[in-house]
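Next come the chains, spelled out residue by residue.
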Amino acid sequence: METPLKKIAAGCLVALASYAGPAAAQGDTSWRQEYRASAPKINDLVHTKLAVSFDYDKSFMYGKAWITLEPHFYPTDSLTLDAKGMDIRKVALVKGSGTEPLKYTYDSSQLTIRLDKTYKGKERYTVYIDYVSRPNLLKAVGSAAITDARGLYFINPTGAEKDKPTQIWTQGETESNSVWFPTIDKPDQKSTEEIEMTVPSKYVTLSNGLLASQRKNADGSRTDTWKMDLPHAPYLFFMGVGDYAVVKDSYEGKDVAYYVEKDYASVARRIFGYTPEMIAFYSKTLGIDFPWAKYDQIVGRDYVSGAMENTTCTLHQESAQQNARELTDGNGWESTIAHELFHQWFGDLVTCESWSNLTMNESFANFSETLWAEHKHGKDAGDEQNYTDMQGYLQSGESNKDLVRFYYHDKEDMFDAVSYNKGGRILNMLRHYVGDTAFFRALHLYLVTNKFKTGEAQQLRLAFEEVTGQDLNWYWNQWYYGAGHPQLKIDYAYDDAAGKVTVHIQQTQTGNVFILPFSIDVYAGGNKTRNQVWMRTREASYTFPYTTHPDLVNVDGDKILLCAKSDSKTAANYIYQYKHAAGYVDRKEAIEFASKHQDDAAIRAFLLDAMHDRYKGLRIDAIDAIDFQSADMVQAALPELQKIAVNDKEALVRSKALEVLAEVKDPSYLPLFEKAVHDSSYSVAGNALNGIYNLDSAKALTLLPGLRGDAKGTLAATISKILLNSARPEDFPFILKTYEDLAPGQAKFEATSKFCQFLAQVKDLDKFKQGVDDVLKFRNVIPDSENYAFARNMISGALKNVSAKKRAAGETDFADYVDHALSK
């Protein structure tokens, strides 16, 4: 499951996966006393066979299930299945070619069946259940990570929305697949699978495993049978139905396919085409070839999360679909594709035994994004991914949580920046500590030992200890079973007379002291000397000799530590670090320091150099660092920015240069903007249009008819901003769609106030309701907790202002709608 980091409030990175749990009562701490153990195994799933058909008018699914099970160890005469919100029509025991009715009770959540006898451990039996799944009648509570829990989703089932395709897709994690088939809906169960789907013949289907057969029916429908011969967890079962283009690819003779809406068929390989290479890379790295029969990826409209690693068939949200112009700025979905693929090993082949051990799924998938970026795009790209994810955790406000935690309010709480970002960084530190060879050999051992079963963090520790021969309890205790992270204060004392430098480091965090192995590099006389040290106490000093006064002392030379730090380096130190330490984080730290010290001529000259860094991300950072309060910096930077806006090979770097130049409002840049506004990159065109608007709003308005027909991303946002300022009723559809298309994050948060001001002028009640609903939809994905109260209150306040304006204007129907919506 991928829940990308988003910016939601005032300069604070937060994970939308971070959440106080569905409907978590603030101040309720009773959950702290409830130990969240692995689900007890009374019966084990063996095989699940389903035959299903769909009622598109009612959004019902008619199902028949044949479930083969066996007692795990102790004899039993009963079976409890999860079956949420169903209409149960028949429950029976399969005997030969017939069935024998069984007694049962059903409470709309669990189906408890009295078996015909007491079955011994491993004695198999099969139950048959005839049922109706009614997902839209179920009152299911989602979370910020997975915003709904209905399991089975009918998208535009009757075709009433003309611009939206009709689709069916499922979402099982955490325990929602039991909305559409009875099962033991726990991650420590595994089952093989067979699904027969009867659908209108115009649609394609997708499920786990291989398509075994297709049968045309007399009524014009078609029945597709999918078979999965290897066991996997029930939450990973999947069905997808729709009018898709299927773009075929392959890996080592295995089918790989991309199910996309037909408008995106021509660019499907540009979006997903690295998949075979990713499979080959991960297979080689782990020493285990891709373990499943095929691998497909499908895109679902209105998907309730980012993406989901259903075994052999990953589901992506519609943001994965990017047109050719969007892809000019780079494939924004590539890391998610890598993330979900790695789950086919960590999560699907070996599954976390309980949600308490979610790290065994999500930390690995998060870490895999760094592995892929480093492999495909170079070390700077890998280090950028690692650093960005680290900052996502450090700024999440969730440092009080253990990585493995057996106490939580709701299982959805586990999908946070700790399980994802922090866990990924812990793996990256471990890789650095033991070395690549030992690290990947230990992962191989863990996977081989536990394949088609479940895993927990201690099993991973044992694999690492077997490979390395070291006791690693110290590492697991502080990082897996402890909370927080080091906060380091670093100071330096140079003694030229004695020829020595002392590095003093304090761990200033409250709580436990961390054991930290790291390197300290001393740069002097053109040479680097590396010193490996261990920090085991709250304060420690390390002294190193020198003959020439050091140009730089660089703590954590490889920039691996998961920590927050305050470092007393000088400007000269940072400039030297940028040029000679030269790792991605070394250079980024220097740029961040420079952003705050532009009164220094050396710093200004350094920033100009950094605008031409070898890595595009740091070129953008250097441009972004320009302080407009420093006239000398601006004067020096503008000529360079003009060159970058024209000549840089990366569209996003050119776009950033144009963004800055647009704010200068210099008429001499107008020809530059007029040329760039027709660039193939939406980002470049959008910032160029903003530059034109800032200089000549009337001219910008004349350009809109030729631009808005193909506008997404920055270009769409700029057009929307211009239209919002003109506030014409006929522009509402474009403005609404642009607002809807913004991913939940900082950009949408910033757009909400202006959008609400526009809503106050809308006279069409139906359109008004659409706009209000979309604002509330955005507000409701922001966690309802103290950390995020500012963002939620700002949005609610903007809607209250809309209501007040409408009521003052005598438009009570409009005001009542807002007030009622806010009161829910």
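The following paragraphs examine the structure supplied in this document.

About the criteria used
Residues numbered from 1 in each chain as written. Predicted model: local features only at pLDDT ≥ 70, side-chain atom pairs only at ≥ 80, totals over all residues. Heavy atoms only, no water. Helix = DSSP H or I, 4+ residues; strand = E, 2+ residues; numbered from the N terminus. Rg over C-alpha atoms; globule rule 2.2 N^0.38 Å. Buried < 20%, exposed > 50% of the residue type's maximum accessible area, 1.4 Å probe, protein only. Contact = heavy atoms within 4.5 Å. Polar contact = N/O pair within 3.5 Å; in protein donor to acceptor, adjacent residues only side chain to side chain. Pairing = 2+ DSSP bridges. Axes fitted to C-alpha atoms, helices over the stretch in contact; angles between N-to-C directions. Core = buried A, V, L, I, M, F, W, Y, C linked by side-chain atoms within 4.5 Å. Parallel < 35°, antiparallel > 145°, perpendicular 65-115°, else oblique. Nonpolar A, V, L, I, M, F, W, Y, C, P; charged D, E, K, R; others polar. Phe/Tyr/Trp six-rings, centres within 6.5 Å; stacked < 30°, edge-to-face > 60°. Lys NZ or Arg CZ within 6 Å of the ring centre and 35° of its normal.

**As for the overall build of the protein**
The helix and strand inventory of the protein stands at 25 helices and 31 strands. What you see for the protein is a C-alpha radius of gyration of 29 Å, in line with the 28 Å of a compact globule of 824 residues. Classification of the 824 residues of the protein by burial places 57% in the buried group. For the protein, restricting intrachain contacts to residue pairs at least 6 apart in sequence, the fraction spanning at least 24 positions comes to 68%.

**Describing the environment of Arg 114**
When you line up the elements, Arg 114 lands in strand 9 (residues 110-119). Separated by 38 residues in sequence, Arg 114 and Thr 76 place their C-alpha atoms 9.7 Å apart. Contact partners of Arg 114, with chain neighbours within four places excluded, come to Asp 77, Ser 78, Leu 102 and Lys 103. Side-chain polar atoms of Arg 114 contact the side chain of Asp 77, separated by 2.9 Å.

**Digging into the sheet that holds strand 13 (residues 191-200)**
Here eight strands make up an open sheet; going across it, the order is 7-6-10-4-3-13-16-15 and the pairing mixed. Edge positions in the sheet fall to strand 7 (98-101) and strand 15 (210-216), since each has one partner strand and no second. Neighbour-to-neighbour, the strand axes of this sheet turn through a mean angle of 20 degrees, independent of strand direction. Bridge count for strand 4 (residues 60-71) against strand 10 (residues 125-133) is nine bridges, and the pairing is antiparallel. The residue bridging Ile 67 from the neighbouring strand is Val 127, located in strand 10.

**Looking at the nonpolar core**
Generally speaking, a soluble globular protein has its nonpolar side chains buried in company with each other. Residues Phe 54, Tyr 131, Trp 345, Leu 460, Phe 464, Tyr 480 and Phe 518 are the most contacted members of the largest nonpolar core, which totals 152 residues. If we ignore the near neighbours within four places in the chain, the residues touching Phe 54 are Phe 60, Met 61, Phe 154, Ile 168, Thr 198, Val 199, Met 239 and Val 241. Of all hydrophobic cores here, the second largest spans 91 residues; its members include Ala 637, Phe 758, Ile 795 and Ala 821.

**Observations concerning the packing of helix 2 (residues 275-286) against helix 5 (residues 359-377)**
Running from amino to carboxyl end, helix 2 crosses helix 5 at an angle of 105 degrees, the nearest separation of the two axes being 11 Å. If you check the angle between helix 2 and helix 5, you find them roughly perpendicular. Counting all contacts with helix 2, which are made through Glu 277, Met 278, Phe 281 and Tyr 282, the residues of helix 5 involved are Ser 368, Leu 371, Trp 372, His 375 and Lys 376. Residue composition of the contact of helix 2 with helix 5, grouped by class: five nonpolar, two polar and two charged.

**Some words on the sheet that holds strand 29 (residues 539-545)**
As summarised here, the arrangement of the four strands in space is 29-26-25-31, forming an open sheet in which the pairing is mixed. Every interior strand has two partners, whereas the edge strands, strand 29 and strand 31 (564-567), have only one. Within this sheet the neighbouring strands show an average axis-to-axis angle of 20 degrees, counted without direction. Pairing analysis gives four bridges linking strand 25 (residues 487-495) to strand 31, with the strands arranged parallel.

**Structural notes on the side chain of Arg 619**
You can see Arg 619 is positioned in helix 14 (residues 616-624). Residue Arg 619 is classed as buried on the basis of its relative accessible area, which comes to 6%. Here Asp 648 takes part through its side chain, which lies 2.8 Å from a polar atom of the side chain of Arg 619.

**Section: helix 21 (residues 732-741)**
Inspection of helix 21 places Phe 732, Phe 734, Ile 735, Leu 736, Thr 738 and Tyr 739 among the buried residues, and these make up the whole buried set. In this fold, the buried residues of helix 21 make contact with helix 20 (713-726), helix 22 (746-759) and helix 23 (765-781).

**Comments concerning the packing of aromatic side chains**
One pass over the structure, following the stated rule, counts 51 aromatic pairs. When the centroid spacing of 4.9 Å and the interplanar angle of 85 degrees are considered together, the rings of Phe 73 and Tyr 74 count as edge-to-face. By relative accessible area, Phe 73 is classed as exposed at 58%. Residue Tyr 74 is classed as exposed on the basis of its relative accessible area of 63%. One aromatic cluster is present, built from ring pairs that chain together Phe 367, Tyr 433, Phe 439, Phe 440, Phe 464, Trp 474, Tyr 475, Trp 476, Trp 479, Tyr 480, Phe 514 and Trp 534. A cation sits over an aromatic face here: Arg 708 above Phe 734, 5.0 Å from the ring centre. Geometry around Phe 814 places Lys 806 over its ring, the cationic atom sitting 4.4 Å from the centre.

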